[in-house]
Amino acid sequence: NMLFPNDQKPKILLMGLRRSGKSSIQNVVFHKMSPNETLFLESTNKIVTDDISNTSFVQFKILDFPGQIDFFEPSFDSEKIFGGQGALVFVIDAQDDYMDALNRLHETVIRAYKVNPKLKFEVFIHKVDGLPDDSRIDTQRDINKRVTDELNDSGMEGIHLSFYLTSIYDHSIFEAFSKVVQKIIPQLPTLEKLLNIFNSSSGIDKAFLFDVWSKIYIATDSSPVDMQSYELCCDMIDVVLDISNIYGLRDGEGEHLAAFDKDSASIIKLNNSTVLYLRQVSRFLALVCIINEDNFQRPGLINYNFLCFREAIIEVFEIANQKNDGILALVSN
Ligand code: GDP
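In this report, the structure presented in the accompanying data block is examined. Just so you know, these numbers come straight off a predicted model, no measurement behind them.

### Remarks on the sheet that holds strand 7 (residues 204–211)
Judged by pairing direction, the sheet is antiparallel, and its 5 strands sit side by side in the order 8-7-11-10-9 without closing on themselves. Two strands in the sheet have a free side with no partner beyond their single neighbour: strand 8 (216–220) and strand 9 (265–269). Averaged over all pairs of adjacent strands, the angle between their axes in this sheet comes to 20°, without regard to strand direction. Bridge count between strand 7 and strand 8: 4 bridges; the pairing is antiparallel. Its bridge partner lying in strand 8, Leu-209 is registered against Ala-219. Against the sheet, helix 7 (residues 227–247) contacts strand 7, strand 8, strand 9, strand 10 (274–280) and strand 11 (285–292), and its axis sits at roughly 55° relative to strand 7. Of the strands in this sheet, strand 7, strand 10 and strand 11 are in contact with helix 8 (residues 299–318), which crosses strand 10 at around 40°.

Structure representation (structure tokens):
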């Protein structure tokens, strides 16, 4: 566990009413379930802990709560559940009447904030694929206003909530999870700085550091993210993993050894003068870049810079406890 020492793993608590989509989100993002398969998921009736540390670089726990939890029941240990570093993700079904959900959210946030004011509060306005395009932002505004007014009325102005429009049928759920995860990675500013330096030295337009199996990006350079670039990079990961799964190394029994290892790399040239460039950084991390063809005349330079970048990234996580920034020495064009 390079990222966080022992039991200090940040955790993500997934909460919301029954049938709001919690298990679907968890399965689609972290277990590669296809969205259509979620139609057959059984409803969650107890608190489920899903430790994804074996497949993900980001070491966090997802606690999938059943919708109707009684906070005042003695068996509900709120110190244990809300304590520590992490985020509370509250899922609201936007296709349903959401008044009950908002009451529940209000109650939950206040309860959790009292135990742990450092917890990040994230609201997924979910299943927006069923809403017409132009009503999505209105729904978000309405929910945001109601929640904020209610909290103000209770004298809790200090609580900050972030809102996201999500659906498992497109990339929005991955993008939202990326933002949530980034907030609880202490090394984020350093990663961003390293990506900026790498990009400017290598003539790269956009670079994402991906948690490969979940397709969450844990960092990107400081230029704005457009959804299309992110989707393009996600698609590239799928292609690379699919090809590796089919043609990758196998052991004697025909089992896959590794669809993704330290030599994993791929270059895809698109016919709009864009080059996609993927390199493995560590067991679970990959760098995926978008480069203009004109800046891809000297792949050797990018390769060299990448190796420096990879070393720096690994160092950032190894020396994180000593509070040191990685130092990069790159060659420029
Ligand atoms: P949970 O009880 O909160 O865990 O909810 P489930 O994950 O079991 O989901 C309830 C239903 O919502 C399932 O039939 C899912 O297929 C459906 N669902 C989940 N996410 C979405 C979404 O983004 N869009 C749509 N249209 N349906 C979804």
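The structure having been displayed, the exposition proceeds.
### A closer look at the pairing of strand 1 (residues 11–16)
With 6 of 6 residues buried, strand 1 lies mostly within the body of the structure. In strand 1, alternate side chains face the same way, and those of Lys-11, Leu-13 and Met-15 on one face and Ile-12, Leu-14 and Gly-16 on the other are all buried. Pairing of strand 1 with strand 4 (residues 86–93), which is carried by 6 bridges, proceeds in the parallel orientation. By the bridge assignment, Leu-13 is partnered in strand 4 with Leu-88.

### Things to note about the packing of helix 3 (residues 99–115) against helix 4 (residues 133–153)
Contact geometry of helix 3 with helix 4 gives a least axis separation of 10 Å together with a crossing angle of 45°. Between helix 3 and helix 4, the angle is such that the two are oblique. Relative to helix 4, the crossing made by helix 3 is right-handed. The segment helix 3 lies against helix 4, with Met-99, Leu-102, Leu-105, His-106, Val-109 and Ile-110 engaging Ile-143, Arg-146, Val-147, Glu-150 and Leu-151. The class makeup of the residues in the contact of helix 3 with helix 4 is 8 nonpolar, 1 polar and 2 charged.

### What to know about the side chain of Ser-214
With respect to the helices and strands, Ser-214 occurs in the loop between strand 7 and strand 8. Side chain to side chain, Ser-214 and Asp-211 meet in a polar contact 2.6 Å long.

### Regarding the packing of aromatic side chains
Aromatic ring pairs are reported here in terms of the distance separating the ring centres and the angle at which the planes meet. Taken as a whole, this structure holds 12 aromatic pairs when the rule is applied. Here the aromatic rings of Tyr-113 and Phe-121 are separated by 6.5 Å at their centres, their planes lie at 40°, and the arrangement is tilted. Its relative accessible area of 25% is what places Tyr-113 among the partly exposed residues. One aromatic cluster in this structure is built from Phe-30, Phe-124, Tyr-164 and Phe-177. A cation over a ring is seen here: Lys-215 above Phe-174, with NZ or CZ 5.2 Å from the ring centre.

### Regarding the sheet that holds strand 5 (residues 120–126)
The 6 strands lie next to each other as 2-3-1-4-5-6, forming an open sheet whose pairing is mixed. This sheet does not close on itself; its edge strands, each paired only once, are strand 2 (48–51) and strand 6 (161–165). Between one strand and the next, the sheet's axes are offset by a mean angle of 20°, whatever the strand orientation. Taken together, the 4 bridges between strand 1 and strand 3 (residues 61–64) define a ladder with parallel strand orientation. In the strand pairing of strand 3, Leu-13 is matched with Leu-63. Against the sheet, helix 1 (residues 22–30) contacts strand 1, strand 2, strand 3, strand 4 and strand 5, and its axis sits at roughly 155° relative to strand 3.

Rules of the game
- Residues numbered from 1 in each chain as written.
- Predicted model: local features only at pLDDT ≥ 70, side-chain atom pairs only at ≥ 80, totals over all residues.
- Heavy atoms only, no water.
- Pairing = 2+ DSSP bridges.
- Helix = DSSP H or I, 4+ residues; strand = E, 2+ residues; numbered from the N terminus.
- Axes fitted to C-alpha atoms, helices over the stretch in contact; angles between N-to-C directions.
- Contact = heavy atoms within 4.5 Å.
- Buried < 20%, exposed > 50% of the residue type's maximum accessible area, 1.4 Å probe, protein only.
- Parallel < 35°, antiparallel > 145°, perpendicular 65-115°, else oblique.
- Left-handed = near helix turned anticlockwise from the far one by under 90°.
- Nonpolar A, V, L, I, M, F, W, Y, C, P; charged D, E, K, R; others polar.
- Polar contact = N/O pair within 3.5 Å; in protein donor to acceptor, adjacent residues only side chain to side chain.
- Phe/Tyr/Trp six-rings, centres within 6.5 Å; stacked < 30°, edge-to-face > 60°.
- Lys NZ or Arg CZ within 6 Å of the ring centre and 35° of its normal.

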